[in-house]
Amino acid sequence: MNRNSLQGNVPADTAALLREYALRYETADFLNGDPSWFMHQVEPVADRVMLAFLASSLSYGNRTQFFPKIQYMLDSSHGNVEEWVRSGDFARDIPDDSSRCYYRLYTFGKVHRFLAAIRQMLADYGSLTEFVRQSTPDGRCLTAVSALTSYFSSRGIEGIIPKNTQSSCKRVCMFMRWMVRGGSPVDLGVWEDFIDRRTLIMPMDTHVVQQSVRLGLLKSSSASMSSALRLTSAMSEVFPDDPLKGDFALFGYGVSNK
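Residues numbered from 1 in each chain as written. Predicted model: local features only at pLDDT ≥ 70, side-chain atom pairs only at ≥ 80, totals over all residues. Heavy atoms only, no water.

Caption draft 1: Region of interest: the overall build of the chain. Helix and strand counts for the chain stand at 12 helices and four strands. Against the globule reference of 18 Å for 258 residues, the chain gives a C-alpha radius of gyration of 18 Å, in line with a compact fold. Considered along the principal axes of its C-alpha atoms, the chain spans approximately 60 × 40 × 30 Å. Looking at the chain residue by residue over its 258 residues, the buried ones come to 53%. The distance from the centre of the 28 positive side-chain charges to the centre of the 27 negative ones in the chain is 7 Å. (Helix = DSSP H or I, 4+ residues; strand = E, 2+ residues; numbered from the N terminus. Rg over C-alpha atoms; globule rule 2.2 N^0.38 Å. Buried < 20%, exposed > 50% of the residue type's maximum accessible area, 1.4 Å probe, protein only. Lys, Arg positive; Asp, Glu negative; His and termini not counted. Charge placed at Lys NZ, Arg CZ, Asp CG, Glu CD.)

Caption draft 2: Region of the structure containing helix α7 (residues 128-135). Along α7, the positions that sit buried rather than exposed are L128, T129, F131 and V132. One side of α7 carries all its buried residues, which in axial view fall inside an arc of 160°. In this fold, the buried residues of α7 make contact with α2 (45-57), α6 (108-125), α8 (141-153) and α9 (170-180). (Arc of directions from axis to C-beta. Contact = heavy atoms within 4.5 Å.)

Caption draft 3: Structural context of the packing of α6 against α7. Between α6 and α7, whose axes approach to 8 Å, the crossing angle comes to 70°. On the basis of the axis angle, α6 is roughly perpendicular to α7. In this structure, α6 crosses over α7, and the sense of that crossing is left-handed. Between α6 and α7, the contacting residues are M121, L122 and Y125 on the first element and L128, E130, F131 and Q134 on the second. Within the contact of α6 with α7, the residues separate by chemical class into five nonpolar, one polar and one charged. (Axes fitted to C-alpha atoms, helices over the stretch in contact; angles between N-to-C directions. Parallel < 35°, antiparallel > 145°, perpendicular 65-115°, else oblique. Left-handed = near helix turned anticlockwise from the far one by under 90°. Nonpolar A, V, L, I, M, F, W, Y, C, P; charged D, E, K, R; others polar.)

Caption draft 4: Expanded view of the layout of surface pockets. As a volume, the largest pocket reaches approximately 530 Å³. Lining the largest pocket are 24 residues, and of these S59, R63, K170, M174 and D205 lie nearest its centre. Of all the secondary structure elements, the ones that give two or more residues to the lining of the largest pocket are α3 (63-77), α9, α10 (206-214) and α12 (245-256). For the lining of the largest pocket, the leading source of residues is α9, giving five residues. Here the second largest pocket is characterised by a volume of approximately 230 Å³. If you trace the second largest pocket, you find 13 residues lining it, with N9, G216, L217, R230 and A234 closest to the centre. (1 Å grid on protein atoms, 1.4 Å probe; cavity = no way out; pocket = protein on both sides within 12 Å on 5 of 7 lines; lining within 4 Å. Points joined across faces, edges and corners; volume = space filled by probe spheres on them.)

Caption draft 5: Spotlight on the state of the cysteines. Under the defined criterion, the tally for this structure stands at zero disulfides. No disulfide involves C169; its nearest neighbouring cysteine sulfur is the one of C173, lying 5.8 Å away. (Disulfide = S-S within 2.5 Å.)

Nothing here speaks to function; it is all geometry.
Written out as structure tokens, the structure reads:
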């Protein structure tokens, strides 16, 4: 790799490669097999936001295992996802039973309490969107992520949502990407009016870390918030107005260089 010609700290040839992969992979086809597919299966914005939050929260481990769990919520709500939570109808489909496994370490009881906490948020703020809007006066993604982690942590909900922002908060950052980036065939952009997409944070999973280390964008395989911010900073050199185009670029790089 030629490191004689640099764009900031990112080699020029690496930057060009990332731009090429971002252009190639940020298409509607990306939705196939990705959890972002679910939010496109409903029409009202409130339902898209709620289903996106639930889908992102359950998105860890094997997709063949957690996709049916997200689909169960979509089917149970008959597509009226926000009303399903707001009305408490979720209790019929996901009872407060800590002896039954819902998905991996999540029991029905844990998921029930998670949904109950969201229901309280809807009662107090009117919507998930309004909670984030009121909690993010500076328009920065990290502020919104911190508000979400604090809200659920204060209600004893751990695991589904990280308790703080010391970890990379991968799934919450992925959700923020979906909500904030407009003009995308994948992301919804419904919060672009109050959160600056230039402040979005790279969702750090094992795949992203591996590809970033291979490309020399990261030196460590740590998936901490500090690493996520360092990677985002590198992506800001390549995509100054839209650093999370880098998420698609790294996906494409991984697919093309297995």
